[in-house]
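Working through the structure, step by step
Residue strings, one per chain:
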Amino acid sequence: MGGFPILSVMLLVPLVAAIACLFAEAKGARIIALGATLINLALGILLWAQYDIGGAQWQFIERAALFAGFNYALGIDGIALLLIVLSVFLMPICILASWESITKRVGEYMAAFLIMELLMIGVFTAQDIYLFYIFFEAGLIPMYLIIGIWGGTNRIYASYKFFLYTLLGSVLMLIAMMWMVNQAGTTDIPTLMNYDFAPEAQTWLWLAFFASFAVKMPMWPVHTWLPDAHVQAPTAGSVILAGVLLKMGGYGFIRFSLPMFPEASAQFAWLVYILSMAAVVITSLIALVQNDMKKLIAYSSVAHMAIVTVGLFSFNVQGLEGSMIVMLSHGLVSAALFLCVGVIYDRLHTREIDRYGGLSINMPKYAVLFLLFTMASIGLPGTSGFVGELLSLIGIYEVSSLVAFVCTIGIILGAGYMLYLYRRVAFGVQKNADAAAMKDINLREWLMLGPIAAAVLWMGVYPESFLAPMRGDISALDARLARATPEGDAKLVVGTPRTQAANEMPHVGGTHKEEAAGGAH
Amino acid sequence: MDYGISLYLTGPEIFLSVIGLIITLIAAWGGDKSARLCTILAVSALVGASAMTVNFLVNPAFELGGDAFGGLYRMDAFGSVSKLLIYLAAIGCLIVTPRFFDQGKEYKPEYPLLIVFSAVGMGLMVSATDLMTLYIGLELSSLSSYVLASFIRSDDRSAEAGLKYFVLGALASGILLYGMSLVYGFSGSTSYLAIRPAFEGALGTGALFGVIFVLAGLAFKIAAVPFHMWTPDVYEGAPTPVTTFFATAPKVAAIAMTARITLDAFGNQADAWRQIIIFAALASIVVGALGAIGQTNIKRLLAYSSINNVGFILIGLAAGTVAGASAMLVYLAIYVAMSIGSFVAVLMMRDKDGNQVETMADIAGLSRAKPMLALCLAAMMLSLAGIPPLFGFWGKFVVFQAAVEADMVVLAAIGIAASVIGAFYYLKIVKIMYFDEPADVVTGENDTSHWAVLAVTAIIVSPLGYLLTIPLGALADRAAEALFFAV
């Protein structure tokens, strides 16, 4: 780690580039933004390479007492590391996605995106609870501007909804944070993670944090801002929204709600289960009847995030690891799906599914990539979606068979709406002449979708690369949660191995029982 | 006490008064042509008074403050910090004023004169430790304000604002005086130091009425709900630089005065006044936020915004602790910067003939015509809404932190939830400037004095402002401790 403050540099690069973008011409701003995000990607890879798996829980720690009441304290564990890598991986892709489609006020647009990157990395690295809050909340401003200035027709309504919904959720969390700091006497997140608050207080604190994270996540029924925001945001905005911003809710649960309030988490697990089950089924059904591609994918995001929440609140290692992988996988896959929508939207300027059809004939390369991401979203083995969903569902199955059953239904429904979408867009006859005349994807689009496809397959085939950095942190969290873990209904026990071969035929009369027992090879 | 020391401790006020009298003479003989000279003189006088105040703050000999004129007036860190804010706000307002009046050639030397006398009155208000000093200071500053509100004689709205302000202000003064007489009657003294022990234990009905009437009178001065009705009309009608002044300096003075009287004189009756303050705080937050939503005039909207902000400041007072008083001062300081910034930005909106633009429709798409101006105003608005990383968040943060530390979690939760309502209309301005199609009304040029003031406030409001948290917090803590030390 040395003395090189890599995390601060990762925050500084986008900041400097953002200021430069504000004063640059359109062309210059694009290049500055791409350069800055690529530098950050390189730094992110360096971070991953330097991260000492199995070493100290918190690494790359930086600390400075700059402000009254809180510190400038940064540091990451394995969980934060992966989310940071996800963010820096998606950012250059977002810039590429807006390369041609954004033509007005390019400098400001790029600046807003770079500030977003700064804030996202800040959220995942902050080790001071107030610093976390500042980064967490500040993300509202650039996102508000991105939706409001460069969004679609109904953008104003969507931007207000996004802003006010998330703000209301967060301010209550701020009061809870103040109470906690007052009680524990520290703003240091690692210390607070091991501080035992009184169980009665935990109830209220948990609810305040829940108000914020549930909106960010988003959980049913406070998810309604998401489809509006997604549909109205430009493609890159949707990518960042789905890819990284939604992860802040999950990150919040895993960093705050679970370790800081284990008892309250167990107490409210039923609430999370009910909301998640409702989300999985209801939003999947809603997704089935959508005519707007982006809206469909937005609803599918809500369903996937519900799998994340049940996994998190299963209080065991499988569930926690599974939800982390679902978050990473969803970050890649939904980002890729929004990009796929963006690719054809740029050509035809409509998101209506019926306006397309038979794209596999004139856009075969596009159809292959789109199919890959569709399958990954469904959770086909070999893709990242499978690993995460399987682990999450195993985790929740240990706690409640019913929840696992309902969530699995959601996955079947997921296959339904995704395949239905794919059939309507890519297969069938080319009923619209303009859609049939569209060109296949170009080099820029390859550069956007190719790396994501590779990452999706990597995570699906060899998830160990992603599980290894966070293994220690997940088991630490599991140990912290052990005292509050709810008793599951599965009651799994290791059975005694049966003595005879499974295909042994019972003999008539049963006289050879002992002989048969001894004869099991 | 030695007379010389008394004069020395009241130095800033005496200095300002003398300069004020000199300006009067210059104005009498020099006529309108001397307006510029008088403005420069007034600004230098305020700078000089600030320097004296800073001397009181940093000079170790005055660390504990001191009483002047037999306990009528007290110089301490609390008064000094408040005065510094008042003087700085007054300087900011004077700098941006002359350009505003260029158009109608109505700028007169009386304007800086009135500001100076108003500053003297406000200095007395925040340092008063006797009901009589308080009243004299209050009236001196109010009378100057009434005239300032109606300064454009050719404008009906300005005259109406002045008259409204005067009638309602006189009514409030009456209520305040009535409350003071009751307090005097039941405690036997007008001095805070004597009232405090007299109001120990159970409070009689008469004395309670006294407390309530005093607080009602003060609530009028700080424009807290339910005594806020005059604010939108006066803010809209008064010339914009005067509105800038009203929204900043007198507000600081009135709030600091309220803090001193509640925490010192009525310090033993915290439960009696706290309910009033809590009600006023929450009502101000909600009414200020809801009232602003339907406004189409920016100045009216900012008037409601100031009502809304007063609510947050009062939450710090309601905590009734050192941390609460300190938080209140921090909020006030940030609020002054944000208010001056927003009003200066409004001042800078001119059409091509140089006339002022005030309606929301006219600033549509401002971000394309005047990107820097729009950026600054957007930062002010989001900061007023308390969105991090802008500095306005810090003000809300310390205030609510003080409330939580004082075990008023419910108050804090309700207050902060209500702040989301306020966020709506601040966002609306950002939306109009950034999302809407340009109206191309605001095209006029601006001079450097406006830009300078706007730049200074914008830097304070930007995330760079957080670097101020340590010195600002230390100063406010010292001031708040001084307030409690006097007891």
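Residues numbered from 1 in each chain as written. Chains lettered and ligands numbered in written order. Predicted model: local features only at pLDDT ≥ 70, side-chain atom pairs only at ≥ 80, totals over all residues.

**Overview of the overall build of chain A**
Looking only at helices and strands, chain A has 23 helices and two strands in total. The globule rule puts the C-alpha radius of gyration for 521 residues at 24 Å, and the 24 Å found for chain A is close to it. Sequence separation of at least 24 residues holds for 80% of the intrachain contacts in chain A that already meet a minimum separation of 6. (Helix = DSSP H or I, 4+ residues; strand = E, 2+ residues; numbered from the N terminus. Rg over C-alpha atoms; globule rule 2.2 N^0.38 Å. Contact = placed C-beta atoms within 7 Å.)

**What to know about the overall build of chain B**
From N to C terminus, chain B includes 20 helices and two strands. Its C-alpha radius of gyration of 21 Å places chain B within 12% of the 23 Å reference for a compact globule of 487 residues. Once the C-alpha set of chain B is aligned to its principal axes, its extents read approximately 65 × 60 × 40 Å. Sorting the 487 residues of chain B into buried and exposed places 61% on the buried side. Across chain B, contacts joining residues at least 24 apart in sequence account for 80% of those joining residues at least 6 apart. (Buried ≥ 20, exposed ≤ 12 C-beta atoms within 10 Å, placed from the backbone.)

**Some thoughts on helix α22 (residues 464-481) of chain A**
Because each turn of an α-helix spans 3.6 residues, side chains separated by three or four positions end up pointing in the same direction. Residue and element names in this part refer to chain A. An ideal rise of 1.5 Å per residue puts 26 Å on 18 residues; α22 measures up with 24 Å between its terminal C-alpha atoms. At Met-470, α22 shows its maximal bend, which comes to roughly 50°. Turning to α22, its buried residues are Phe-466, Pro-469, Met-470, Asp-473, Ile-474, Leu-477 and Leu-481. Here the buried face of α22 lies against α3 (78-97), α11 (235-260), α12 (262-267), α15 (317-348) and α21 (443-461). (Expected span 1.5 Å × (residues − 1). Bend = angle between axes of the 7 residues up to and from the residue.)

**Notes on the confidence of the model for chain A**
Residues and elements named next belong to chain A. Taken as a whole, chain A shows an average pLDDT of 85; of its residues, 96% reach a score of 70 or greater. At the low end of the mean pLDDT range in chain A sits helix α23 (residues 513-518), at 49; at the high end sits helix α13 (residues 269-288), at 90. Across residues 515-521, where pLDDT falls below 50, the model places nine contacts with residues more than four positions away in sequence or in other chains. (pLDDT = per-residue confidence, 0-100.)

**A closer look at the packing of helix α13 (residues 298-319) of chain B against helix α14 (residues 322-347) of chain B**
Residue and element names in this part refer to chain B. Relative to each other, α13 and α14 sit at 170°, their axes nearing to 8 Å. As far as their axial angle goes, α14 and α13 are roughly antiparallel. Where α13 approaches α14, its residues Ile-298, Lys-299, Leu-302, Ser-306, Asn-309, Phe-312, Ile-313, Gly-316, Leu-317 and Ala-319 are matched on the opposing element by Ala-323, Gly-324, Ala-325, Ala-327, Met-328, Tyr-331, Leu-332, Tyr-335, Ser-339, Ser-342, Phe-343 and Val-346. (Axes fitted to C-alpha atoms, helices over the stretch in contact; angles between N-to-C directions. Parallel < 35°, antiparallel > 145°, perpendicular 65-115°, else oblique.)

**Let's talk about the interface of chain B and chain A**
Think of interface size as the accessible area that goes away when the parts come together; that is how it is often given. Each partner contributes to the interface: chain B provides 26 residues, whereas chain A provides 26 residues. For the side of chain B that touches chain A, the elements supplying multiple residues, two or more each, are α17 (392-405), α18 (409-434) and α20 (469-485) of chain B. Sorting elements by how many residues they give to the side of chain B that touches chain A places α18(B) first, with 12 residues. Among the residues forming the side of chain B that touches chain A, the class breakdown is 20 nonpolar, four polar and two charged. (Nonpolar A, V, L, I, M, F, W, Y, C, P; charged D, E, K, R; others polar.)

**A look at the environment of Ser191(B)**
All names here are of chain B. Relative to the helices and strands, Ser-191 is located in the loop between α7 (156-187) and α8 (192-198). Sequence separation between Ser-191 and Ser-127 is 64 residues; the distance between their C-alpha atoms is 13 Å. When residues no more than four places from it in sequence are discounted, the contact partners of Ser-191 are Gly-71, Thr-129 and Asp-130.

**With respect to the nonpolar core**
General note: in soluble globular proteins, nonpolar side chains tend to be found buried as a group. If you look at the biggest cluster of nonpolar residues, it comprises 407 residues, and the most contacted ones within it are Ile175(A) and Ala90(B). No other element matches the 20 residues that α14(B) contributes to this core. Among all residues touching Ile175(A), those that are not within four sequence positions of it are Ala208(A), Phe400(B), Val404(B), Val409(B), Ala412(B), Ala413(B) and Ile416(B). (Core = buried A, V, L, I, M, F, W, Y, C linked by C-beta atoms within 7 Å.)

**Regarding the environment of Gly422(B)**
All names here are of chain B. Checked against the element boundaries, Gly-422 lands in helix α18. The spacing of Gly-422 and Ala-292 is 130 residues in sequence and 8.0 Å in space, taken between C-alpha atoms. Those residues in contact with Gly-422, other than ones at most four positions away along the chain, are Gly-288, Ala-289, Asn-308 and Ala-385.

**Looking at the pairing of strand β2 (residues 72-76) of chain A**
Taken residue by residue, a regular strand's side chains alternate between the two faces of the sheet. Residue and element names in this part refer to chain A. With four of five residues buried, β2 is to be regarded as a mostly interior element. In this structure, strand β1 (residues 59-64) lies alongside β2, joined through four bridges in antiparallel fashion. For Glu-62, the partnering residue across the bridge sits in β2 and is Leu-74. (Pairing = 2+ DSSP bridges.)

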